[in-house]
Amino acid sequence: MIKYNKIKANYLMLVLSFLFNSCIGQITESIPVNITRIHKDSISLKAEMQPEYRNSVHDKDYQGNQISGVIRTVFQDSKGNFWFGTQNGLCRYDKNGLVYFVLKDSTGQKVVVYAILEDKIGNIWIGYDRGIAKFDGNYFTMYYENGTKRIGGLWSMTMDKKGILWVGTTQGVYSFDGEKFSPFEIPEGKINPDVGISTTKMIHSIIEDSKGKMWFATNGGVYIYDGTTLTNISEKEGLKSNFVGQIIESKEGYFWISTSKGLCKYNGETVINVTENLFNQNDIGIGCIFEDKNGTLWFNANKRDIYSYSNKVFTKIESKEGEFKPFPFTIYQDKQERIWFVGLKGAYRLENNTFINVNRNGPW
């Protein structure tokens, strides 16, 4: 049984306030925002008007007219529209076709979109590398940091049951109420030398569980906040690595945790490394993880090796010779119960055990 590393919130904030105020450049106060509204028609471009996105200039084979060479996330809204967050910005596919929206940050630079979600009244929220935006169907409301204070590069985002937006960045966690970013202090971890972007305060993903607790994937393990107490689960409690990429809650109530050295299962008391006997070597990084509507777990290991896990059986999903094998950043199931893999080399769906490349022409 795990012996939890718990700290009462009031004491935690007192200690962290002392520690972080002594650090040069540490933000411990709220950051107000400037707000700009932009009509969708003024920043929309039809896909056929855009230059072709190639996966790689080094690939000699024809790659198709990709949605983008790098897709960070995919989301299907309540109306059935597909949204893609890409290295080139935001795009949406609906009955009228594929449209790109040219979102820019406060400096006028195009943005990279990392997160997309929908709130209870149908607004689409977009998290990009230097801020957030809300789309109400006609207007994009852009929330820019006001002044010289910065929240850091946005990396993850979720909205809890109370409608509070939680934002994970390269510089920690913030909550957003529509007027300001408020910091939520979490102890620092370490820099992961094996990835391109890493900081001691990196927040890779955030979820709210079925009981209303907030979970944070960090470079110091998993942190859980129940409204009063902050709990840390790390290597001391059995995690394979403190470099945690993603956390999801299963339909059966336990949690899957991807780390840089394996996939772990947490049942509330014990951490189990479920991939320990799957690979020939122990230190295999697990990327994104997703549980579908049937309870099957999907994940990628060693970047491009894709597996499913069901009834305690792992199945490696092979790609046919000549296909562009995806390197997913997000795995997602749409309303038609199709499994998507988006990341490097564009968007793919798994159909009949074959990866189908979904480019600007579909198949949708």
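Because the structure is predicted, anything quoted here is derived from the model rather than measured. (Residues numbered from 1 in each chain as written. Predicted model: local features only at pLDDT ≥ 70, side-chain atom pairs only at ≥ 80, totals over all residues. Heavy atoms only, no water.)

Draft legend 1. Just the sheet that holds strand β4 (residues 71-76), in detail. Strand order in the open sheet formed by 5 strands is β3-β7-β6-β5-β4, with antiparallel pairing between adjacent strands. What marks the edges here is a single partner per strand, and that holds for β3 (44-46) and β4. Each strand of the sheet is rotated relative to its neighbour by a mean of 25°, with strand direction disregarded. Bridge count between β3 and strand β7 (residues 97-101): 3 bridges; the pairing is antiparallel. Following the sheet pairing, S44 is matched in β7 by F101. (Pairing = 2+ DSSP bridges. Helix = DSSP H or I, 4+ residues; strand = E, 2+ residues; numbered from the N terminus. Axes fitted to C-alpha atoms, helices over the stretch in contact; angles between N-to-C directions.)

Draft legend 2. Fine view of the packing of aromatic side chains. By the definition in use, this model includes 29 aromatic pairs. Ring geometry for F75 and Y332: centres 6.4 Å apart, planes at 50°, overall tilted. With F75 in strand β4 and Y332 in strand β28 (residues 327-333), this residue pair connects regions lying 257 residues apart in the sequence. Neither residue differs from the other here; F75 and Y332 are each classed as buried. Summarising the aromatic geometry, the rings of Y174 and F181 are spaced 6.5 Å apart at their centres and angled 85° between planes, so their arrangement reads as edge-to-face. Members of the aromatic cluster, connected to one another through ring pairs, are Y254, W256, F299, Y307, Y309 and F314. Across from the ring centre of Y254, 4.1 Å away, lies the NZ or CZ of K265, which sits over that ring. Positioned above the aromatic ring of W340 is the side chain of R349, whose terminal nitrogen or guanidinium carbon lies 5.0 Å from the ring centre. (Phe/Tyr/Trp six-rings, centres within 6.5 Å; stacked < 30°, edge-to-face > 60°. Buried < 20%, exposed > 50% of the residue type's maximum accessible area, 1.4 Å probe, protein only. Lys NZ or Arg CZ within 6 Å of the ring centre and 35° of its normal.)

Draft legend 3. Looking closely at the environment of N96. If you trace the backbone, N96 turns up in the loop between β6 (89-94) and β7. Judged by its relative accessible area of 68%, N96 falls in the exposed class. Expressed as a C-alpha distance, the spacing of N96 and K46, which sit 50 residues apart in the sequence, is 9.9 Å.

Draft legend 4. Examining the sheet that holds strand β24 (residues 286-291) more closely. Taken in spatial order, the 4 strands make up an open sheet running β24-β25-β26-β27, and their pairing is antiparallel. Taken across any chain shown, the strands that pair with only one partner, and hence form the sheet edges, are β24 and β27 (313-317). Between one strand axis and the next, the sheet turns through 25° on average, direction left out of account.

Draft legend 5. Summary view of the pattern of salt bridges. On inspection of all chains with the given rule, the structure shows 11 salt bridges. A salt bridge links E208 to K161; the shortest N-O distance between them is 3.6 Å. With a gap of 47 residues between them, E208 in strand β16 (residues 203-208) and K161 in the loop between β12 (154-159) and β13 (165-169) connect regions that are remote in the sequence. Among the residues examined, E208 registers a relative accessible area of 21% and is labelled partly exposed. (Salt bridge = Lys/Arg side-chain N within 4 Å of Asp/Glu carboxyl O.)

Draft legend 6. Main features of the side chain of D94. Tracing the backbone through its elements, the reader meets D94 in strand β6. By relative accessible area, which is 12% here, D94 ends up buried. Within the structure, D94 has its side chain in polar contact with the side chain of R92 (distance 3.3 Å). From its side chain, D94 meets the backbone nitrogen of N96 in a polar contact 2.8 Å long. (Polar contact = N/O pair within 3.5 Å; in protein donor to acceptor, adjacent residues only side chain to side chain.)

Draft legend 7. Structural view of the environment of Y100. As for its position among the elements, Y100 is in strand β7. On the accessibility criterion, Y100 (4% relative accessible area) is buried. Each C-alpha atom of the pair Y100 and I67 lies 9.5 Å from the other, and the pair is 33 residues apart in sequence. For Y100, the side chain forms a polar contact with the main-chain oxygen of I67, separated by 2.6 Å. At 3.2 Å, the side chain of Y100 and the side chain of R360 are in polar contact.

Draft legend 8. Quick look at the pairing of strand β29 (residues 339-344). Among the 6 residues that make up β29, 5 are buried, leaving the element largely enclosed by the rest of the structure. Direction of pairing for β28 relative to β29: antiparallel, over a ladder of 6 bridges. What sits directly across from T330, in β29, is V342. Following β28, the chain reverses through 5 residues before pairing antiparallel with β29; E337 in that reversal takes a positive phi of roughly 65°. As judged from the 5 bridges shared by β29 and strand β30 (residues 346-351), these two strands associate in the antiparallel manner. Looking at the pairing, I339 lines up with L350 of β30. Where β29 folds back onto β30 in an antiparallel hairpin, the turn is made up of 1 residue, including K345, whose phi is positive at roughly 75°.

Draft legend 9. Representation of the pairing of strand β8 (residues 113-118). Of all 6 residues that make up β8, 5 are buried, and the element is covered over most of its length. Between the end of β8 and the start of strand β9 (residues 124-128), which pair antiparallel, lie 5 residues, with G122 showing a positive phi angle near 95°.

Draft legend 10. Region of interest: the side chain of D292. Note that D292 resides in the loop between β24 and β25 (297-301). Buried and unpaired, D292 has K251 as its nearest opposite-charge partner, separated by 5.7 Å. One polar contact links D292 to W298, side chain to side chain, over a distance of 3.0 Å. Among residues more than four places away in sequence, those in contact with D292 are K251, W298, Q333 and I339. (Lys, Arg positive; Asp, Glu negative; His and termini not counted. Contact = heavy atoms within 4.5 Å.)

No statement about biological role is implied by the geometric values presented.
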